[in-house]
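Residue-level structure breakdown
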Amino acid sequence: MAKKVLLSGVKPTGRPHVGNYFGAMKQFVELQGKYDAYIFIADLHALTTVQNKEELEENTAGVLLDYMAIGLDPKKVTLYKQSDVPQVAELAWIFNCLTTVPYLERAHAYKDAVMNKKEPNVGLFDYPMLMAADILIQDADVVPVGQDQKQHIEIARDTAQKFNNAFGECFKLPEPLILGAMATIPGTDGKKMSKSYNNTIPLFGSDEEIEKAIMGIVTDSGSDMPTNVYAIHSLLRAKDELDRLYAENRGQYKKLKEILIEDMKNFIRPMRERRQALEEDKQAVLEILKSGGKAARERAETKMEEVRKLVGLKLY
Ligand code: ADP
Ligand code: TRP
């Protein structure tokens, strides 16, 4: 039987952090080989917030290095950047015409932006339609993401259904693949770890950056248990071992943070070194992106031909 199709993407909006790794990226590595896998860099989505050529170029190449450094193997996964598949923008337009404004107004990312009194651009408002196109154009069965992206996958399913009802059977309904217990990794302030909150531990951080971030983890002075330190530590050690360690060092926040620092450094160092080695031959790494883009584009074009026919756009 043919392998199921797995697809996911990350926006090139800054350095990845430990939350991205445990929430999403790690699964890509574990699942490659088991699926027909497509992992891409969402550079078109990044344009909703990054409007600087150098920054976008650098971040896009950076994400590719990140993916390869964590162990994605281009022989097992098609690695590409979203803008190399312009068909997704074409499909997103068709989805726009099937989707209502009130429906998209209910999306969390948009509601958050409005609540924060930002004036969202149309790209941010329409973000879920482009994401639905990313997923549906490659016939994805499963989409591994963090909890915060679940609503976007539901929107993609709804959109597939709307299209199928309107024009005839065409798209599969994708399933999210979400990590259970640790679906939301907390940051150094206890809120969700996020590039936007300045509370991250960078995934390829230097020893100094790791020390600084962990020493800055907020602890509650009224209790014996440094909850945020423990939560992050639990990513790196088994529960029984960790419980013993925290019982032995009850109330000793500084010592526990120092142990976490050592564990985190040992975890990050080999990945950081692999990334540095890959950076030496950036051209070779970019070639991987180019050939992945070609493969993803050809596959998307086949699907789009089907879509154009169903919609009434293909006359010859
Ligand atoms: P950020 O919030 O830092 O901007 P992104 O939105 O770029 O992160 O998320 C990239 C991927 O990592 C998504 O699949 C997202 O669900 C996952 N992710 C991000 N932060 C976390 C977190 N704190 N815990 C779990 N998963 C996360
Ligand atoms: N919205 C996702 C994020 O913020 C990135 C993304 C874009 C994506 N298109 C996708 C993830 C398609 C999975 C599938 O992380």
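Everything numeric in this text was worked out from a predicted model, so none of it was measured.

Structural notes on the packing of aromatic side chains
Applying the stated criterion to the full structure yields 11 aromatic pairs. Ring geometry for Phe40 against Tyr80: centres 5.4 Å apart, planes inclined by 25°, an arrangement best described as stacked. Here the residue Phe40 occupies a position in strand β2 (residues 36-41), and Tyr80 occupies one in strand β3 (residues 77-81), the gap between them amounting to 40 residues. In terms of burial, Phe40 and Tyr80 fall into one category: buried. Three or more aromatic residues link up through ring pairs in this structure, and these residues are Phe95, Phe163, Phe167 and Phe171. Sitting above the plane of the Tyr103 ring, Lys162 keeps its charged end 3.8 Å from the centroid.

Description of the site of ligand 1
As a matter of local geometry, ligand 1 sits amid 16 residues, with His17, Asp148, Ile185, Ser194 and Lys195 nearest to it. A distance of 2.7 Å is found between an oxygen atom of ligand 1 and a side-chain nitrogen or oxygen belonging to His17. The backbone of Ile185 places a nitrogen or oxygen atom 2.7 Å from a nitrogen atom of ligand 1. Across the complex, the protein chains shield 93% of the 540 Å² of accessible surface that ligand 1 would expose by itself. Looking at side-chain class alone, the shell around ligand 1 contains five nonpolar, eight polar and three charged residues.

Focus: the site of ligand 2
Lining the immediate environment of ligand 2, one finds 14 residues, of which His45, Tyr127, Met131, Asp134 and Gln149 sit closest. In this structure, Tyr127 approaches ligand 2 through a side-chain N or O atom, which is 2.7 Å from a nitrogen atom. At 3.0 Å from a nitrogen atom of ligand 2 is found a side-chain nitrogen or oxygen belonging to Gln149. For ligand 2, the accessible surface in isolation is 360 Å², of which the surrounding protein chains cover 91%.

Some details on the pattern of salt bridges
Throughout the structure, instances matching the rule amount to 24 salt bridges. When the shortest N-O distance is used, the salt bridge between Glu211 and Lys265 registers 2.6 Å. Taken together, the residues span a long stretch of sequence, with Glu211 in helix α9 (residues 207-215) and Lys265 in helix α12 (residues 253-279) at a distance of 54 residues. Residue classification places Lys265 among the buried residues on the basis of a relative accessible area of 9%. Here Glu301 makes a salt bridge to Arg308, at a shortest N to O gap of 2.9 Å. When its relative accessible area of 13% is taken as the criterion, Arg308 is described as buried. One salt-bridge network, in which partners are shared between bridges, spans Glu90, Glu301, Glu305, Arg308 and Lys314.

Cut-offs applied
Residues numbered from 1 in each chain as written. Chains lettered and ligands numbered in written order. Predicted model: local features only at pLDDT ≥ 70, side-chain atom pairs only at ≥ 80, totals over all residues. Heavy atoms only, no water. Phe/Tyr/Trp six-rings, centres within 6.5 Å; stacked < 30°, edge-to-face > 60°. Helix = DSSP H or I, 4+ residues; strand = E, 2+ residues; numbered from the N terminus. Buried < 20%, exposed > 50% of the residue type's maximum accessible area, 1.4 Å probe, protein only. Lys NZ or Arg CZ within 6 Å of the ring centre and 35° of its normal. Near = heavy atom within 4 Å. Polar contact = N/O pair within 3.5 Å; in protein donor to acceptor, adjacent residues only side chain to side chain. Areas by Shrake-Rupley, 256 points an atom, 1.4 Å probe, with all protein chains shown as cover. Nonpolar A, V, L, I, M, F, W, Y, C, P; charged D, E, K, R; others polar. Salt bridge = Lys/Arg side-chain N within 4 Å of Asp/Glu carboxyl O.

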